[in-house]
Amino acid sequence: MGMKDQFQEKSERLQEQAKQKLGEAKDRGRQRGRRSEDRDDEAMERQRREEQDRFEPDYDA
């Protein structure tokens, strides 16, 4: 195997690793986004319930 072949294989290997890391980073970003949306949904639901409780006739002030 010549030097040219070795450099070409190393280059291809590094490119493949870079693609894998990019894919992993995108997956982590999507997961963080979903968790953030879940927290936002929970906060909105809690606020809705509090407002609903506040305006019910049997609400104790």
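Note that the structure is a prediction, hence the values are computed from the model and not measured. (Residues numbered from 1 in each chain as written. Predicted model: local features only at pLDDT ≥ 70, side-chain atom pairs only at ≥ 80, totals over all residues. Heavy atoms only, no water.)

1. As for the overall build of the chain
Right, on to step 1. If you tally the helices and strands in the chain, you get 1 helix and 0 strands.
Right, on to step 2. On the chain, roughly 6100 Å² of surface is accessible, and the fraction owed to carbon and sulfur atoms is 47%. (Helix = DSSP H or I, 4+ residues; strand = E, 2+ residues; numbered from the N terminus. Areas by Shrake-Rupley, 256 points an atom, 1.4 Å probe, with all protein chains shown as cover.)

2. Here's the deal with the pattern of salt bridges
Right, on to step 1. As enumerated under the stated definition, the model contains 3 salt bridges in all.
Right, on to step 2. In this structure, the salt-bridge partner of E45 is R48, at a minimum N-O distance of 2.5 Å. One end of the pair is E45 and the other is R48, both in helix 1 (residues 3–55) and 3 residues apart, which spans about a single turn.
Right, on to step 3. Of the charged contacts, one joins R49 and E45 as a salt bridge, the two residues approaching to 3.6 Å between their closest N and O atoms. A residue pair is termed a helical-turn pair when its members lie 3 or 4 positions apart in one helix, as R49 and E45 do in helix 1 at 4 residues.
Right, on to step 4. Given a relative accessible area of 43%, R49 falls into the partly exposed group.
Right, on to step 5. Exposure remark for E45: the relative accessible area of 32% places this residue in the partly exposed category.
Right, on to step 6. Each of the salt bridges in this network shares a partner with another, and the network as a whole consists of E45, R48 and R49. (Salt bridge = Lys/Arg side-chain N within 4 Å of Asp/Glu carboxyl O. Buried < 20%, exposed > 50% of the residue type's maximum accessible area, 1.4 Å probe, protein only.)

3. Quick word on the environment of R30
Right, on to step 1. The residue R30 is located in helix 1 in this model.
Right, on to step 2. Residue R30 is classed as partly exposed on the basis of its relative accessible area, which comes to 46%.
Right, on to step 3. Among the polar contacts made by the side chain of R30, one reaches the side chain of D27 at a distance of 2.8 Å. (Polar contact = N/O pair within 3.5 Å; in protein donor to acceptor, adjacent residues only side chain to side chain.)

4. Side note on a negative patch on the surface
Right, on to step 1. Together, D38, D40, D41 and E42 make up a negatively charged patch on the protein surface.
Right, on to step 2. Following the sequence through the fold, E42 ends up in helix 1. (Patch = residues over 30% accessible without salt bridge, like charges linked within 9 Å, V, L, I, M, F, W, Y side chains within 5 Å. Lys, Arg positive; Asp, Glu negative; His and termini not counted. Charge placed at Lys NZ, Arg CZ, Asp CG, Glu CD.)

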